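# A look at the structure
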Amino acid sequence: MKKKILIFPFITFLFILIVFFYLLVIERDPSELPSVLIDKKIPTFEAESLLNKKKFISKNEFGNETTLVNFFATWCGPCRDEHVYLKRLSNEKGLKIIGVNYKDDSNKTVEWLKELGNPYSDVIVDSKGLIGIDWGVYGIPETYIVNSKGIIKYRLVGSITKKNYNAFYSKIKKSED
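Criteria and thresholds
- Residues numbered from 1 in each chain as written.
- Predicted model: local features only at pLDDT ≥ 70, side-chain atom pairs only at ≥ 80, totals over all residues.
- Heavy atoms only, no water.
- Helix = DSSP H or I, 4+ residues; strand = E, 2+ residues; numbered from the N terminus.
- Rg over C-alpha atoms; globule rule 2.2 N^0.38 Å.
- Buried < 20%, exposed > 50% of the residue type's maximum accessible area, 1.4 Å probe, protein only.
- Contact = heavy atoms within 4.5 Å.
- Areas by Shrake-Rupley, 256 points an atom, 1.4 Å probe, with all protein chains shown as cover.
- Lys, Arg positive; Asp, Glu negative; His and termini not counted.
- Charge placed at Lys NZ, Arg CZ, Asp CG, Glu CD.
- Core = buried A, V, L, I, M, F, W, Y, C linked by side-chain atoms within 4.5 Å.
- Axes fitted to C-alpha atoms, helices over the stretch in contact; angles between N-to-C directions.
- Parallel < 35°, antiparallel > 145°, perpendicular 65-115°, else oblique.
- Left-handed = near helix turned anticlockwise from the far one by under 90°.
- Nonpolar A, V, L, I, M, F, W, Y, C, P; charged D, E, K, R; others polar.
- Phe/Tyr/Trp six-rings, centres within 6.5 Å; stacked < 30°, edge-to-face > 60°.
- Lys NZ or Arg CZ within 6 Å of the ring centre and 35° of its normal.
- Pairing = 2+ DSSP bridges.

## Focus: the overall build of the chain
Along its length, the chain carries six helices and seven strands. Radius of gyration (C-alpha) of the chain: 21 Å, far over the 16 Å computed for a compact globule of 177 residues. Considered along the principal axes of its C-alpha atoms, the chain spans approximately 80 × 35 × 30 Å. Within the chain, the proportion of its 177 residues that are buried is 41%. Considering only residue pairs separated by 6 or more positions, the chain has 72% of its internal contacts joining residues 24 or more positions apart. Approximately 10,900 Å² of the chain is accessible, and the part contributed by carbon and sulfur atoms is 59%. Averaging the coordinates of the 27 positive side-chain charges in the chain and doing the same for the 21 negative ones gives two points 7 Å apart.

Pasting the structure below:
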């Protein structure tokens, strides 16, 4: 009877150990965070456009072509690093890039874009981070792929880099279907 009582804790311990090592060994990408917005319509919002001082109305801007929505700031080091890849993507036909200037100084952003070049078709001011909250942003940079029907297809947490550029580009092409 004592042997049967000792076997149960041993089997439980062994099971927990196996699960622990399995989770340790499997390949997981920490930048692949789930988003409740995937396969859903974009959040509707209105904001000030940074460069032309017009009102940006999301209902009028999405739904004609594949669009990248890139949350960035001048104080963000990885944002500066990914800028060269955004400029490369801005040359793609049928692809629009909208920048969301997240909790940043507008004057610094204008100077930053003059210095590095402007890959964005429009830059939206999100000085209080409210648009970011609606999109589920918790850190920047973050980039969303929105298809031509206004549906969010993918979310990249972190910057676009040399290492992930090709995979990200293929996600853009897949979303066009």
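## Observations regarding the nonpolar core
The nonpolar side chains of a soluble globular protein tend to be buried with one another. Ranked by size, the top nonpolar core spans 43 residues in total, and within it Phe71, Leu89, Trp135 and Phe168 carry the most contacts. The biggest single contributor to this core is strand β4 (residues 95–102), with five residues. Other than its neighbours up to four places away in sequence, Phe71 contacts Cys79, Val100, Tyr102, Asp126, Ile131, Gly132, Trp135, Val137, Ile140, Pro141, Glu142 and Tyr144.

## Remarks on the packing of helix α3 (residues 77–89) against helix α4 (residues 106–116)
The geometry of α3 relative to α4 is characterised by a closest axis approach of 11 Å and an angle of 55 degrees between their N-to-C directions. It follows that α3 is oblique to α4 by the angle criterion. Viewed along their axes, α3 and α4 form a crossing whose handedness is right-handed. Contacts between α3 and α4 pair Cys79, Arg80, His83 and Lys87 from the former with Trp112, Leu113, Glu115 and Leu116 from the latter. Its residues assigned to classes, the contact of α3 with α4 comprises four nonpolar, one polar and three charged.

## Topic: the packing of aromatic side chains
In the structure shown here, the tally under the stated rule is 11 aromatic pairs. Ring centres of Phe62 and Trp135 lie 6.5 Å apart, and the angle between their planes is 45 degrees; this geometry places the pair in the tilted category. Note that Phe62 is positioned in the loop between α2 (58–61) and β3 (66–72) and Trp135 in helix α5 (residues 130–135), a separation of 73 residues in sequence. Among the residues examined, Phe62 registers a relative accessible area of 10% and is labelled buried. When its relative accessible area of 1% is taken as the criterion, Trp135 is described as buried. One aromatic cluster is present, formed by Phe62, Phe71, Tyr102, Trp135 and Tyr144 through successive ring pairs. Residue placement shows Arg88 over the ring face of Tyr165; its charged tip is 4.5 Å from the ring centre.

## Topic: the sheet that holds β4
Within the open sheet, the five strands sit side by side as β5-β4-β3-β6-β7. Their pairing is mixed. The sheet is open, and its two edges are formed by β5 (122–126) and β7 (152–157), each paired on a single side. The average undirected angle you get between the axes of adjacent strands in this sheet is 20 degrees. Pairing geometry for β4 and β5, over five bridges, is parallel. Paired with Gly99 across the bridge in β5 is Val123. Strands β3, β4 and β6 (142–146) of the sheet are contacted by α3, whose axis makes an angle of about 165 degrees with β3. The strands touched by helix α6 (residues 165–175) are β3, β4, β6 and β7; relative to β6, the strand with the most contacts, the crossing angle is about 25 degrees.

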